[in-house]
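Tertiary structure, described
Here's the letter readout for the chains.
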Amino acid sequence: FREDPFNEVDNLVLAMLAYANFEGILDDSFNRVGLSTADRKYFEKHSRSYAKKSIFHFVRAPLLMDDMLKGERFRDTELTKYVDIINSDKEMQMSAVTFLLSDGSAYVAFRGTDTTVAGWKEDFNMSYLPDTEGQLSAVRYLNEVGKEIKGPIRVGGHSKGGNFAVYASAFCDREIQDRIIAVYTNDGPGFRKEVMEREAYKHILPKVVSIIPDTSIIGMLLTSNAGHIIVKSKYVGLMQHDALTWIIERNRFKRTKQSALGSFINNSQKEWLSNLDDESREMFVNTLFSFFEATGMTTLL
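Residues numbered from 1 in each chain as written. Predicted model: local features only at pLDDT ≥ 70, side-chain atom pairs only at ≥ 80, totals over all residues. Heavy atoms only, no water.

1. Notes on the overall build of the protein chain
- Along its length, the protein chain carries 14 helices and 10 strands.
- Expected size for 301 residues packed as a compact globule is a radius of gyration near 19 Å; at 18 Å, the protein chain falls within 12% of this value.
- Projected onto its principal axes, the C-alpha positions of the protein chain cover 50 × 40 × 40 Å.
- Taken over 301 residues, the protein chain has a buried fraction of 51%.
- Put simply, of all contacts in the protein chain between residues at least 6 apart along the chain, 72% involve residues at least 24 apart.
- On the protein chain, roughly 14,100 Å² of surface is accessible, and the fraction owed to carbon and sulfur atoms is 52%. (Helix = DSSP H or I, 4+ residues; strand = E, 2+ residues; numbered from the N terminus. Rg over C-alpha atoms; globule rule 2.2 N^0.38 Å. Buried < 20%, exposed > 50% of the residue type's maximum accessible area, 1.4 Å probe, protein only. Contact = heavy atoms within 4.5 Å. Areas by Shrake-Rupley, 256 points an atom, 1.4 Å probe, with all protein chains shown as cover.)

Put into structure tokens, the structure is as follows:
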């Protein structure tokens, strides 16, 4: 980090690692676990070969630890304060972990949507609720980390984790917010208008870095008022949401312009949402998920 300061690719590596299930390896205390220990214990509990064969980014993401340990940049990284909260009654899913880097900074990483029905319903709830239980839980988490850990803070996440990162950074305690040097949302959805009109949100907005692929779907839901860095992916369409497919050139992502398909999807989403009032959106979401709930499903896989 002395030779090449923290960059957008570093951000994504850490944001994707939030998908790892560190249960039994980390807890919600501020005890620190080195990256090498986390990697070893994780793959004692989970199959490395299964992860390599998986088509799902949230299964493959923990493999990043293997490569991180091969170089000096991340070798001394420590992990702390792992939480994984799923509450079907409150229709929320929030998971986070904090990385302590050798440059003296902390990166607070919020997990994106997992396979739980509660997690996916919370995503849909964002279309008609200004604040979700998961977002409020993310604020509490960031406040706890900021009070315990000193030094500069970066916050980030992929997909819904990016939304949580921005929301938590906007509405955490001001003394903690002032220590935040960047907030990364990696193809994360935006917010309702009333959220963006709050002064706390406007205050954090200049620090927000929004990165989306050229045919972004998830990242173009709602809006954030943040300018987007549009990057190239190896894939097309919805598969571009898998951030492990984004193309890297040295220490940055390969830039491009929004594709014609991406522009069409973006305009279609905005038109569809503009024609539905909040009551209709809520009815649609509840009807859709009532089918899953009626079967007793708790996960989508």
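2. What to know about the nonpolar core
- Residues Met-94, Val-108, Phe-110, Tyr-141, Val-155 and Val-183 are the most contacted members of the largest nonpolar core, which totals 34 residues.
- Of all the elements in the fold, those that place two or more residues in this core are β3 (92-100), β4 (106-110), α8 (133-148), β5 (153-158), α9 (160-171), β6 (180-186), α11 (193-196) and α12 (199-204).
- The biggest single contributor to this core is α9, with 6 residues.
- Beyond its immediate chain neighbours, meaning those up to four positions away, Met-94 contacts Val-83, Asp-84, Ile-85, Phe-110, Gly-134, Ser-137, Ala-138, Tyr-141 and Phe-164.
- Core analysis: the second largest hydrophobic core is formed by 31 residues, Leu-14, Ala-38, Tyr-42 and Leu-79 among them. (Core = buried A, V, L, I, M, F, W, Y, C linked by side-chain atoms within 4.5 Å.)

3. Some words on the sheet that holds strand β8 (residues 228-231)
- Overall, mixed pairing links the 8 strands, which are arranged β1-β2-β3-β4-β5-β6-β7-β8 in an open sheet. Among the strands making up the open sheet, the edge pair consists of β1 (33-34) and β8.
- The pairing of strand β2 (residues 78-87) with β3 spans 8 bridges and is classified as antiparallel. Among the inter-strand pairings, Ile-85 is bridged to a residue of β3, identified as Met-94.
- In the packing of α8 onto the sheet, the strands contacted are β2, β3, β4, β5 and β6, and the crossing angle to β3 comes to about 25 degrees. (Pairing = 2+ DSSP bridges. Axes fitted to C-alpha atoms, helices over the stretch in contact; angles between N-to-C directions.)

4. Some points on the environment of Asp-178
- Within the secondary structure, Asp-178 sits in the loop between α10 (174-177) and β6.
- Residues Asp-178 and Pro-152 lie 26 residues apart in sequence; the distance between their C-alpha atoms is 9.0 Å.
- If we skip the residues at most four places from it in the chain, Asp-178 touches His-203 and Lys-207.

5. What to know about empty space enclosed by the protein
- Tallied over the entire structure, the rule returns 1 cavity of 30 Å³ or more.
- Volume-wise, the largest cavity comes out at about 40 Å³.
- For the lining of the largest cavity, the class distribution of residues is 6 nonpolar, 3 polar and 1 charged. (1 Å grid on protein atoms, 1.4 Å probe; cavity = no way out; pocket = protein on both sides within 12 Å on 5 of 7 lines; lining within 4 Å. Points joined across faces, edges and corners; volume = space filled by probe spheres on them. Nonpolar A, V, L, I, M, F, W, Y, C, P; charged D, E, K, R; others polar.)

6. Let's talk about the pairing of β4
- The buried fraction of β4 is high, at 5 of 5 residues.
- A two-sided burial pattern is seen for β4, the buried positions comprising Ala-106, Val-108 and Phe-110 on one face and Tyr-107 and Ala-109 on the other.
- Pairing between β3 and β4: 5 bridges, direction antiparallel. Looking at β4, one finds that Thr-98 is bridged to Val-108.
- Between the antiparallel neighbours β3 and β4 lie 5 residues, among them Gly-104 with a positive phi of about 90 degrees.
- Relative to β5, β4 is paired through 5 bridges, and the arrangement is parallel. Counterpart to Tyr-107 in the pairing with β5 is Arg-154.

7. Topic: the pattern of salt bridges
- Per the stated rule, a full pass over the model turns up 17 salt bridges.
- Among the ionic pairs, Arg-198 bridges to Asp-131, the shortest N-O distance being 3.0 Å. Highlighted residues: Arg-198 in the loop between α11 and α12 and Asp-131 in the loop between α7 (117-125) and α8, separated in sequence by 67 residues.
- A salt bridge links Asp-173 to Lys-147, with the nearest nitrogen and oxygen atoms 3.7 Å apart. Taken together, the residues Asp-173 in the loop between α9 and α10 and Lys-147 in helix α8 connect sequence positions 26 residues apart.
- On the accessibility criterion, Asp-173 (25% relative accessible area) is partly exposed.
- The network of salt bridges with shared partners includes Asp-39, Arg-48 and Asp-66. (Salt bridge = Lys/Arg side-chain N within 4 Å of Asp/Glu carboxyl O.)

8. Side note on the packing of α8 against α9
- For the pair α8 and α9, the least separation of the axes is 8 Å and the interaxial angle reads 60 degrees. With respect to α9, the element α8 is oriented oblique. α8 and α9 meet at a crossing whose hand is right-handed. Two secondary-structure elements touch here, α8 through Gly-134, Gln-135, Leu-136, Ala-138, Val-139 and Leu-142 and α9 through Asn-163, Phe-164, Tyr-167, Ala-168, Ser-169 and Phe-171.
- When the residues that make up the contact of α8 with α9 are grouped by side-chain class, the tally is 8 nonpolar, 4 polar and no charged. (Parallel < 35°, antiparallel > 145°, perpendicular 65-115°, else oblique. Left-handed = near helix turned anticlockwise from the far one by under 90°.)

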